[in-house]
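Notes for the structure review
Okay, here's what each chain looks like letter by letter:
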Amino acid sequence: VNPWYFVAKNDFVLGQFIWAGVDYLGESAGWPSSGWSAGLFDICMTEKSRAAFHRAMWNTKPMVRIAVADQSLNIDPGKDHWSWPNLITHWNFSQYEGHVIEVQTITNCDSVELWLNDVSLGKRSTSDYTNNTIVWHVPYKAGRIQAKGYIKGLEAANFELKTSGKPARILLSADKNEITADGQDLSHITITIVDANGIPVPDADRIIAVEVGGNAKLLGIDNGDQRRKDGFGGNNRTSFFGKALTIVQSLRQPGAIKVKVSATGLPAATISLLSK
């Protein structure tokens, strides 16, 4: 049973300390990892599948998430007594076509109904499983897998994953489109490789290069994998499960900023920022 339940069931327990909420550098379970990899978010602040449990416990808003358990995934294992089994939130498993795989639905709802390509795989009660996590064994088929969460018989939450096609373009999203021209302010730009329909492509990683023009400079680029061989400098990095993060920093003059991101075999993408 997850230790959180000792907090939830005992008023004299103040709370729970998670080691750690976010991955960090310096404390490693062993080379080639350069840091801690058992957090709920990686060092690029990409949320991991394991974080869904805490979302279910700490929020009153109904939610349900899907995670696939696959121990062959190329994920930094970290220390075994701190880590979780390998989980991932995508539906690209062509290597398992025709095979049964483990799917988990994590929820704070009473029950969950699982659908695969518009065919119901049944409804199960959360109370029949530990850790608010319902375990399913599903014959993998490409397409769409959907979880619907129910409270008192009424649908209250849903979540779905779709199998992506081939990489088609680069999607850029900045946490701040305007930064202060003080030579210190930052904008974090998430880089995601997507298919022609905008679905993230998690299984076709590419070398990504970043160029920054205008009144800012490139501060660093990373992919969240603590086992990468390079540091944060330079202007290129291989994506990890189809994602990367680049950081730009303002100069002391206001003005326009243009960030251009390219990847092998894909058209370049640009995003415009403003320093003022």
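Preceding this paragraph is the structure being described.
First, a word on what this report is: a plain description of the structure on this page. Model, not experiment: these values are computed from the prediction.

**Side note on the overall build of the chain**
- Scanning the chain from terminus to terminus reveals two helices and 19 strands.
- Taking the principal axes of its C-alpha atoms as reference, the chain extends roughly 60 × 50 × 40 Å.
- Burial statistics for the chain: of 276 residues in total, 43% are counted as buried.
- By sequence separation, contacts in the chain at least 24 residues apart represent 63% of the contacts at least 6 residues apart.
- Surface accessibility of the chain: about 14200 Å² in total, with carbon and sulfur atoms responsible for 54%.
- Within the chain, the 27 negative side-chain charges are centred at a point lying 4 Å from the centre of the 28 positive side-chain charges.

**Here's the deal with the pairing of strand E7 (residues 119–125)**
- Relative to E7, strand E6 (residues 111–116) runs antiparallel, the two being bridged by five bridges. Paired with valine 112 across the two strands is arginine 124, which belongs to E7.

**A closer look at the side chain of aspartate 222**
- Here aspartate 222 shows up in strand E15 (residues 216–222).
- Among the residues examined, aspartate 222 registers a relative accessible area of 5% and is labelled buried.
- Polar side-chain contacts of aspartate 222 include one of 3.5 Å to the backbone nitrogen of glycine 224.
- A polar atom in the side chain of aspartate 222 sits 2.6 Å from the side chain of arginine 228.
- Those residues in contact with aspartate 222 that lie beyond four places of it in its chain are Ile43, Cys44, Arg228, Phe232, Arg237, Ala244 and Leu245.

**Digging into the pattern of salt bridges**
- This structure, assessed with the given rule, holds ten salt bridges.
- Notably, a salt bridge pairs arginine 144 with aspartate 118, separated by 2.5 Å at the nearest N-O pair. Of this pair, arginine 144 sits in strand E9 (residues 144–151) while aspartate 118 sits in the loop between E6 and E7, and the two are 26 residues apart along the sequence.
- Ionic pairing is found between arginine 144 and glutamate 160, a salt bridge with its closest N-O pair at 3.0 Å. A residue pair is termed long-range when its members are at least 10 positions apart, and arginine 144 in strand E9 and glutamate 160 in strand E10 (residues 154–162) qualify at 16 residues.
- Within this structure, Asp118, Arg144, Glu160 and Lys162 form a network of salt bridges that share partners.

**Structural notes on the sheet that holds strand E8 (residues 133–139)**
- Taken in spatial order, the four strands make up an open sheet running E4-E3-E5-E8, and their pairing is antiparallel. Two strands in the sheet have a free side with no partner beyond their single neighbour: strand E4 (87–88) and E8.
- Helix H2 (residues 51–58) contacts strand E3 (64–69) and strand E5 (100–107) of the sheet and is inclined by roughly 30 degrees relative to E5.

**Focus: the pairing of strand E19 (residues 266–275)**
- In this sheet, E19 lies alongside strand E12 (residues 178–179) in parallel orientation, the contact comprising two bridges. Within the sheet, the bridge partner assigned to isoleucine 179 lies in E19 and is serine 275.
- The pairing of strand E18 (residues 255–263) with E19 spans eight bridges and is classified as antiparallel. Pairing of glycine 255 across the sheet is with serine 275, part of E19.

**Section: the sheet that holds strand E14 (residues 207–214)**
- The sheet built from five strands is open, its strands ordered E12-E19-E18-E14-E16 with mixed pairing. On the outer flanks of this sheet lie E12 and strand E16 (236–238), each paired with one strand and no other.

**Regarding the environment of phenylalanine 53**
- Among the secondary structure elements, phenylalanine 53 is positioned in helix H2.
- The sequence separation of phenylalanine 53 and leucine 40 amounts to 13 residues, and the corresponding C-alpha distance is 9.9 Å.
- Apart from residues lying up to four places away in sequence, phenylalanine 53 is in contact with Asn2, Trp4, Tyr5, Trp84, Ile106 and Asn131.

**Considering a nonpolar patch on the surface**
- A cluster of nonpolar side chains, namely Phe17, Trp19 and Trp82, defines an oily patch on the protein surface of about 370 Å² accessible area.
- Considering the arrangement of structural elements, one finds tryptophan 19 in the loop between helix H1 (4–9) and strand E1 (24–25).
- For tryptophan 19, a relative accessible area of 37% puts it in the partly exposed group.

**Re the side chain of serine 164**
- Checked against the element boundaries, serine 164 lands in the loop between E10 and strand E11 (169–174).
- At 2.8 Å, the side chain of serine 164 forms a polar contact with the side chain of asparagine 92.

Analysis parameters
For every chain, the first residue of the written sequence is number 1, and numbering continues from 1 onward in sequence order. A pLDDT threshold of at least 70 governs which residues receive local features in this predicted model, and a stricter bar of 80 or more applies before side-chain atom pairs are shown or counted, although totals over entire chains, interfaces and linings include all residues. To get the side-chain values, all heavy atoms of the structure are used, and hydrogens and water are removed first. Numbering of helices and strands runs from the N terminus, with a helix taken as a DSSP run of H or I at least four residues long and a strand as a DSSP run of E at least two residues long. Accessible area is worked out with a 1.4 Å probe on protein chains only. A residue is then buried under 20% of its type maximum, exposed over 50%, and partly exposed in between. Any pair of residues with heavy atoms lying within 4.5 Å of one another is described as a contacting pair. Method for areas: the Shrake-Rupley scheme with a 1.4 Å probe, in which residue coverage is limited to the protein chains shown. When charges are counted, Lys and Arg are positive and Asp and Glu negative, with His and the chain ends excluded. Where a charge sits is defined by one atom per residue type, namely NZ (Lys), CZ (Arg), CG (Asp) or CD (Glu). At least two DSSP bridges between two strands are required for those strands to pair. We call two N or O atoms a polar contact when they sit within 3.5 Å, provided that within protein one can donate a hydrogen and the other can accept it, with sequence-adjacent residues counted only if both atoms are side-chain atoms. Should a side-chain nitrogen of Lys or Arg be within 4 Å of a carboxyl oxygen of Asp or Glu, the pair is scored as a salt bridge. Angular values range over 0 to 180 degrees, each being the angle between N-to-C directions of two axes fitted as lines to C-alpha atoms, with helices fitted over their stretch in contact. Patch definition: residues above 30% relative accessible area lacking any salt bridge, with like charges linked at up to 9 Å and the nonpolar side chains Val, Leu, Ile, Met, Phe, Trp and Tyr linked at up to 5 Å.

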